[in-house]
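Reading the structure
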Amino acid sequence: MKKCLLIGAGSDLGVHIDGARNGPKEILKLQKERKILLEQDKKIIKSLSDSDLRKNLKEVNNFNQKLYEVIEKENDFCITIGGDHSIAIASGFASLKKHKNLGLIWIDAHLDYNTFETTITGNLHGLPLATLNGLNEDLRPFEKENFYNPKNTVVVGYRAMESNAIKEIENIKAMGVTVFTTNDINEMGINKVMELALKIANNNTFGVHISFDLDVIDPDIARGVTVKEKNGINLKQVQEITDILIKQDTIKSFDLVEYNPLNDTDKKTLEIAQFIIEKVKRNL
(Lines give C-alpha, C1' and ligand atoms only; values in the text may rest on other atoms or scores of the structure.)
Protein backbone atom coordinates (compact mmCIF):
# COMPACT_ATOMS: atom_id res chain seq x y z
CA MET A 1 0.00 0.00 0.00
CA LYS A 2 1.36 3.42 -1.01
CA LYS A 3 1.73 6.22 1.50
CA CYS A 4 -0.33 9.31 0.86
CA LEU A 5 0.47 12.98 1.37
CA LEU A 6 -2.33 15.55 1.33
CA ILE A 7 -1.10 18.97 0.24
CA GLY A 8 -3.37 21.95 0.74
CA ALA A 9 -2.76 24.69 -1.82
CA GLY A 10 -4.64 27.60 -0.28
CA SER A 11 -4.58 30.16 -3.06
CA ASP A 12 -7.26 31.94 -5.06
CA LEU A 13 -4.83 34.36 -6.70
CA GLY A 14 -5.83 33.02 -10.10
CA VAL A 15 -9.39 34.36 -9.92
CA HIS A 16 -10.95 37.70 -9.05
CA ILE A 17 -13.46 36.06 -6.68
CA ASP A 18 -12.36 35.26 -3.13
CA GLY A 19 -12.99 32.09 -1.14
CA ALA A 20 -11.19 29.15 -2.76
CA ARG A 21 -8.07 29.98 -0.76
CA ASN A 22 -9.94 28.68 2.32
CA GLY A 23 -11.07 25.43 0.70
CA PRO A 24 -7.99 23.32 1.47
CA LYS A 25 -8.00 24.28 5.14
CA GLU A 26 -11.65 23.21 5.51
CA ILE A 27 -11.04 19.91 3.73
CA LEU A 28 -7.85 19.08 5.62
CA LYS A 29 -9.55 19.60 8.99
CA LEU A 30 -11.35 16.31 8.41
CA GLN A 31 -8.31 14.36 7.21
CA LYS A 32 -5.96 12.36 9.46
CA GLU A 33 -3.26 11.46 6.92
CA ARG A 34 0.07 13.22 6.71
CA LYS A 35 -0.66 16.68 5.42
CA ILE A 36 0.90 20.01 4.53
CA LEU A 37 -0.93 23.31 4.11
CA LEU A 38 0.49 26.14 2.03
CA GLU A 39 -1.42 29.42 2.11
CA GLN A 40 -1.10 32.60 0.10
CA ASP A 41 0.34 35.64 1.81
CA LYS A 42 -2.50 37.44 3.60
CA LYS A 43 -0.85 40.78 2.81
CA ILE A 44 -1.44 40.35 -0.93
CA ILE A 45 -4.09 42.64 -2.42
CA LYS A 46 -5.35 40.95 -5.54
CA SER A 47 -5.58 42.82 -8.81
CA LEU A 48 -9.22 43.15 -9.87
CA SER A 49 -8.76 45.45 -12.86
CA ASP A 50 -10.66 44.45 -16.00
CA SER A 51 -7.76 45.76 -18.08
CA ASP A 52 -5.17 43.62 -16.26
CA LEU A 53 -4.82 40.51 -18.42
CA ARG A 54 -2.01 39.08 -16.28
CA LYS A 55 -3.72 39.37 -12.93
CA ASN A 56 -1.41 38.56 -10.03
CA LEU A 57 1.10 36.82 -12.28
CA LYS A 58 4.06 37.38 -9.96
CA GLU A 59 2.07 36.26 -6.91
CA VAL A 60 0.72 33.14 -8.65
CA ASN A 61 4.22 32.20 -9.79
CA ASN A 62 5.67 32.71 -6.31
CA PHE A 63 2.99 30.51 -4.75
CA ASN A 64 3.34 27.83 -7.42
CA GLN A 65 7.12 27.81 -7.10
CA LYS A 66 6.81 26.91 -3.41
CA LEU A 67 4.12 24.31 -4.10
CA TYR A 68 6.16 22.75 -6.91
CA GLU A 69 9.20 22.40 -4.64
CA VAL A 70 7.15 20.68 -1.92
CA ILE A 71 5.58 18.16 -4.29
CA GLU A 72 8.65 17.48 -6.42
CA LYS A 73 10.72 16.19 -3.49
CA GLU A 74 8.00 13.88 -2.16
CA ASN A 75 8.05 10.14 -2.82
CA ASP A 76 4.55 9.54 -1.45
CA PHE A 77 1.42 9.69 -3.61
CA CYS A 78 0.37 13.35 -3.59
CA ILE A 79 -3.21 14.55 -3.49
CA THR A 80 -3.11 18.31 -4.01
CA ILE A 81 -6.16 20.18 -2.76
CA GLY A 82 -6.87 23.65 -4.13
CA GLY A 83 -7.44 26.49 -4.20
CA ASP A 84 -8.21 27.74 -7.69
CA HIS A 85 -7.13 25.67 -10.68
CA SER A 86 -3.96 27.67 -11.32
CA ILE A 87 -2.32 25.59 -8.57
CA ALA A 88 -2.41 22.62 -10.97
CA ILE A 89 0.45 24.22 -12.88
CA ALA A 90 2.67 23.40 -9.91
CA SER A 91 1.18 20.01 -9.06
CA GLY A 92 1.07 18.86 -12.67
CA PHE A 93 4.65 19.84 -13.48
CA ALA A 94 5.98 18.48 -10.19
CA SER A 95 4.43 15.09 -10.91
CA LEU A 96 5.77 15.17 -14.45
CA LYS A 97 9.23 15.98 -13.10
CA LYS A 98 9.15 12.81 -10.98
CA HIS A 99 7.61 10.47 -13.55
CA LYS A 100 9.09 11.96 -16.77
CA ASN A 101 6.25 11.02 -19.13
CA LEU A 102 2.61 11.23 -18.05
CA GLY A 103 -0.80 11.57 -19.59
CA LEU A 104 -3.25 14.13 -18.24
CA ILE A 105 -7.00 13.94 -17.59
CA TRP A 106 -8.62 17.30 -16.83
CA ILE A 107 -12.09 16.87 -15.34
CA ASP A 108 -13.65 20.32 -15.54
CA ALA A 109 -16.58 22.40 -16.76
CA HIS A 110 -14.03 24.69 -18.44
CA LEU A 111 -11.25 24.10 -20.93
CA ASP A 112 -8.73 26.25 -19.04
CA TYR A 113 -6.95 26.58 -22.36
CA ASN A 114 -6.52 30.30 -22.71
CA THR A 115 -3.24 32.01 -23.41
CA PHE A 116 -2.24 35.55 -22.51
CA GLU A 117 -3.27 36.45 -26.07
CA THR A 118 -6.79 34.97 -25.85
CA THR A 119 -7.87 35.57 -22.25
CA ILE A 120 -10.42 38.36 -21.84
CA THR A 121 -10.52 38.31 -18.03
CA GLY A 122 -6.86 37.91 -17.09
CA ASN A 123 -7.91 35.33 -14.47
CA LEU A 124 -5.01 32.90 -14.52
CA HIS A 125 -7.13 29.91 -13.44
CA GLY A 126 -8.30 29.91 -17.07
CA LEU A 127 -4.80 29.16 -18.40
CA PRO A 128 -3.34 26.13 -16.55
CA LEU A 129 -4.14 23.32 -18.97
CA ALA A 130 -2.63 25.22 -21.89
CA THR A 131 0.38 25.93 -19.67
CA LEU A 132 0.87 22.24 -18.84
CA ASN A 133 0.87 21.56 -22.59
CA GLY A 134 3.78 23.96 -23.06
CA LEU A 135 2.10 27.31 -23.72
CA ASN A 136 2.21 30.42 -21.50
CA GLU A 137 5.92 30.37 -20.72
CA ASP A 138 5.54 33.19 -18.20
CA LEU A 139 3.36 30.95 -16.01
CA ARG A 140 5.91 28.15 -15.66
CA PRO A 141 9.19 29.64 -14.44
CA PHE A 142 10.17 26.28 -12.93
CA GLU A 143 9.60 24.25 -16.11
CA LYS A 144 10.85 25.27 -19.55
CA GLU A 145 11.29 21.98 -21.37
CA ASN A 146 9.19 19.03 -20.16
CA PHE A 147 5.45 19.25 -20.93
CA TYR A 148 2.41 17.03 -21.11
CA ASN A 149 1.90 15.83 -24.66
CA PRO A 150 -1.41 17.27 -25.93
CA LYS A 151 -2.04 13.94 -27.68
CA ASN A 152 -2.13 12.33 -24.21
CA THR A 153 -4.29 15.11 -22.72
CA VAL A 154 -8.05 14.74 -22.26
CA VAL A 155 -10.73 17.13 -20.98
CA VAL A 156 -13.84 15.51 -19.45
CA GLY A 157 -17.02 17.43 -18.65
CA TYR A 158 -16.59 20.66 -20.63
CA ARG A 159 -19.72 22.73 -21.11
CA ALA A 160 -18.93 26.42 -20.45
CA MET A 161 -19.23 28.53 -23.57
CA GLU A 162 -17.46 31.76 -22.67
CA SER A 163 -17.53 34.84 -24.88
CA ASN A 164 -14.04 34.05 -26.20
CA ALA A 165 -14.70 30.32 -26.47
CA ILE A 166 -14.00 30.28 -30.18
CA LYS A 167 -10.37 31.33 -29.63
CA GLU A 168 -9.97 28.93 -26.71
CA ILE A 169 -11.43 26.07 -28.74
CA GLU A 170 -9.12 26.99 -31.61
CA ASN A 171 -6.19 26.75 -29.19
CA ILE A 172 -7.15 23.31 -27.94
CA LYS A 173 -7.94 21.93 -31.41
CA ALA A 174 -4.64 23.20 -32.79
CA MET A 175 -2.77 21.42 -30.00
CA GLY A 176 -4.64 18.14 -30.53
CA VAL A 177 -6.24 17.74 -27.09
CA THR A 178 -9.26 15.40 -26.85
CA VAL A 179 -12.42 16.93 -25.33
CA PHE A 180 -15.47 15.08 -24.02
CA THR A 181 -18.38 17.37 -23.18
CA THR A 182 -21.22 16.73 -20.75
CA ASN A 183 -23.34 15.97 -23.82
CA ASP A 184 -20.84 13.25 -24.75
CA ILE A 185 -21.10 11.87 -21.21
CA ASN A 186 -24.90 11.79 -21.37
CA GLU A 187 -24.95 10.24 -24.84
CA MET A 188 -22.07 7.75 -24.53
CA GLY A 189 -22.20 7.07 -20.79
CA ILE A 190 -19.52 8.00 -18.29
CA ASN A 191 -17.98 4.52 -18.36
CA LYS A 192 -17.27 4.72 -22.10
CA VAL A 193 -15.98 8.29 -21.87
CA MET A 194 -13.58 7.43 -19.04
CA GLU A 195 -12.47 4.25 -20.82
CA LEU A 196 -11.52 6.32 -23.86
CA ALA A 197 -9.95 9.08 -21.75
CA LEU A 198 -7.73 6.62 -19.91
CA LYS A 199 -6.76 4.87 -23.12
CA ILE A 200 -5.64 8.18 -24.65
CA ALA A 201 -3.85 9.39 -21.51
CA ASN A 202 -2.08 6.05 -20.96
CA ASN A 203 -0.89 5.66 -24.56
CA ASN A 204 2.91 5.29 -24.44
CA THR A 205 3.16 7.08 -21.07
CA PHE A 206 4.33 6.02 -17.61
CA GLY A 207 1.03 6.90 -15.96
CA VAL A 208 -1.56 9.65 -15.59
CA HIS A 209 -2.06 12.83 -13.59
CA ILE A 210 -5.71 13.57 -12.73
CA SER A 211 -6.93 17.13 -12.12
CA PHE A 212 -10.54 17.22 -10.87
CA ASP A 213 -12.36 20.56 -10.67
CA LEU A 214 -15.47 20.42 -8.51
CA ASP A 215 -17.27 22.79 -10.87
CA VAL A 216 -17.73 19.87 -13.28
CA ILE A 217 -20.62 18.90 -10.99
CA ASP A 218 -23.98 20.56 -11.50
CA PRO A 219 -24.25 23.61 -9.20
CA ASP A 220 -27.69 22.52 -8.00
CA ILE A 221 -25.81 19.63 -6.37
CA ALA A 222 -22.45 21.25 -5.54
CA ARG A 223 -22.84 24.98 -5.07
CA GLY A 224 -19.58 25.40 -3.17
CA VAL A 225 -17.43 26.39 -6.15
CA THR A 226 -16.28 29.74 -7.48
CA VAL A 227 -17.53 29.65 -11.10
CA LYS A 228 -20.81 27.78 -11.46
CA GLU A 229 -21.91 26.28 -14.78
CA LYS A 230 -25.37 24.79 -15.31
CA ASN A 231 -26.06 21.27 -16.60
CA GLY A 232 -23.11 19.56 -14.96
CA ILE A 233 -22.63 15.92 -14.06
CA ASN A 234 -24.65 14.35 -11.24
CA LEU A 235 -23.59 12.48 -8.11
CA LYS A 236 -24.02 9.07 -9.74
CA GLN A 237 -21.62 10.11 -12.48
CA VAL A 238 -19.16 11.45 -9.89
CA GLN A 239 -19.22 8.08 -8.16
CA GLU A 240 -18.77 6.25 -11.46
CA ILE A 241 -15.77 8.42 -12.34
CA THR A 242 -14.11 7.80 -8.98
CA ASP A 243 -14.90 4.08 -9.11
CA ILE A 244 -13.23 3.85 -12.52
CA LEU A 245 -10.18 5.86 -11.46
CA ILE A 246 -9.50 3.90 -8.28
CA LYS A 247 -9.20 0.72 -10.32
CA GLN A 248 -6.25 2.17 -12.23
CA ASP A 249 -2.73 1.46 -11.05
CA THR A 250 -1.42 4.03 -13.53
CA ILE A 251 -2.69 7.08 -11.59
CA LYS A 252 0.44 8.82 -10.25
CA SER A 253 -1.02 11.99 -8.71
CA PHE A 254 -4.34 13.71 -8.16
CA ASP A 255 -5.70 17.26 -7.80
CA LEU A 256 -9.03 18.31 -6.33
CA VAL A 257 -9.62 22.02 -6.82
CA GLU A 258 -11.96 25.01 -6.67
CA TYR A 259 -13.79 24.19 -3.44
CA ASN A 260 -15.12 27.53 -2.20
CA PRO A 261 -16.54 27.28 1.33
CA LEU A 262 -18.04 30.79 1.08
CA ASN A 263 -20.57 29.40 -1.41
CA ASP A 264 -21.07 26.03 0.28
CA THR A 265 -24.03 27.03 2.42
CA ASP A 266 -25.29 23.48 2.90
CA LYS A 267 -21.81 21.84 3.20
CA LYS A 268 -22.83 19.41 0.47
CA THR A 269 -19.82 20.25 -1.68
CA LEU A 270 -17.51 19.63 1.26
CA GLU A 271 -19.07 16.18 1.66
CA ILE A 272 -18.52 15.46 -2.04
CA ALA A 273 -14.91 16.61 -1.83
CA GLN A 274 -14.28 14.32 1.14
CA PHE A 275 -15.95 11.44 -0.68
CA ILE A 276 -13.66 11.83 -3.70
CA ILE A 277 -10.52 12.07 -1.56
CA GLU A 278 -11.47 9.01 0.47
CA LYS A 279 -12.03 7.02 -2.71
CA VAL A 280 -8.61 7.97 -4.08
CA LYS A 281 -6.85 7.16 -0.80
CA ARG A 282 -8.59 3.80 -0.52
CA ASN A 283 -6.96 2.62 -3.74
CA LEU A 284 -3.39 3.39 -2.69
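Residues take numbers from 1 onward in each chain, read along the sequence in its written order. Under the rules for a predicted model, residues below a pLDDT of 70 receive no local features and side-chain atom pairs below 80 are neither given nor counted, while totals for whole chains, interfaces and linings still include all residues. The basis for every side-chain value is the complete set of non-hydrogen atoms in the structure, without hydrogens or water.

Across soluble globular proteins, nonpolar side chains have a tendency to be buried as a group. Buried residues of nine kinds, namely Ala, Val, Leu, Ile, Met, Phe, Trp, Tyr and Cys, make up a nonpolar core once their side-chain atoms join them within 4.5 Å. The buried label applies to any residue whose accessible area, calculated with a 1.4 Å probe on protein chains only, is under 20% of its type's maximum; exposed applies above 50%, and partly exposed to all values in between. Ranked by size, the top nonpolar core spans 43 residues in total, and within it V156, L214 and F254 carry the most contacts. Contacts are assigned to residue pairs that have any heavy atoms within 4.5 Å of one another. Among residues more than four places away in sequence, those in contact with F254 are F77, C78, I79, T80, H209, I210, F212, L245, I276 and V280.

Looking now at the environment of L214. Numbered from the N terminus, helices here are DSSP runs of H or I no shorter than four residues, and strands are runs of E no shorter than two. For L214, the position within the fold is in the loop between β7 (208–213) and α8 (235–245). Judged by its relative accessible area of 0%, L214 falls in the buried class. For the pair L214 and H16, spaced 198 residues apart in sequence, the C-alpha separation works out to 18 Å. If sequence neighbours within four positions are ignored, L214 has contacts with V225, L256, V257, Y259, T269, I272, A273 and I276.

Let us now look at the sheet that holds strand β5 (residues 153–158). One open sheet accounts for eight strands, arranged β2-β1-β3-β8-β7-β4-β5-β6; its pairing is parallel. With partners counted over all chains shown, the strands left at the sheet margins are β2 (35–39) and β6 (178–181), one partner each. When the angles between neighbouring strand axes are averaged without regard to direction, this sheet yields 15°. Whether two strands pair depends on DSSP finding at least two bridges between them. Relative to strand β8 (residues 251–257), strand β3 (residues 77–82) is paired through three bridges, and the arrangement is parallel. Paired with I81 across the two strands is L256, which belongs to β8. Each axis is a line fitted through C-alpha atoms, taken for helices only over the stretch in contact, and angles between the N-to-C directions span 0 to 180 degrees. In the packing of helix α7 (residues 190–201) onto the sheet, contacts are made with β4 (103–107), β5, β6, β7 and β8, and the angle to β5 comes to roughly 155°.

The next point concerns the pattern of salt bridges. What makes a salt bridge here is a side-chain nitrogen of Lys or Arg within 4 Å of a carboxyl oxygen of Asp or Glu, nothing more. A complete count under the given rule lists 17 salt bridges for this structure. Linking D243 and K279 is a salt bridge whose minimum nitrogen-to-oxygen distance equals 2.5 Å. Here K279 lies in helix α9 (residues 268–282) and D243 lies in helix α8, a separation of 36 residues in the sequence. Exposure remark for K279: the relative accessible area of 11% places this residue in the buried category.

Take the pairing of β3 next. Counting buried positions along β3 yields six of six residues, so the element is predominantly enclosed. The alternating pattern of β3 places F77, I79 and I81 and C78, T80 and G82 on opposite faces, both of which are buried. Where strand β1 (residues 4–10) and β3 come together, six bridges link them in parallel fashion. Paired with A9 across the strands is G82, a residue of β3.

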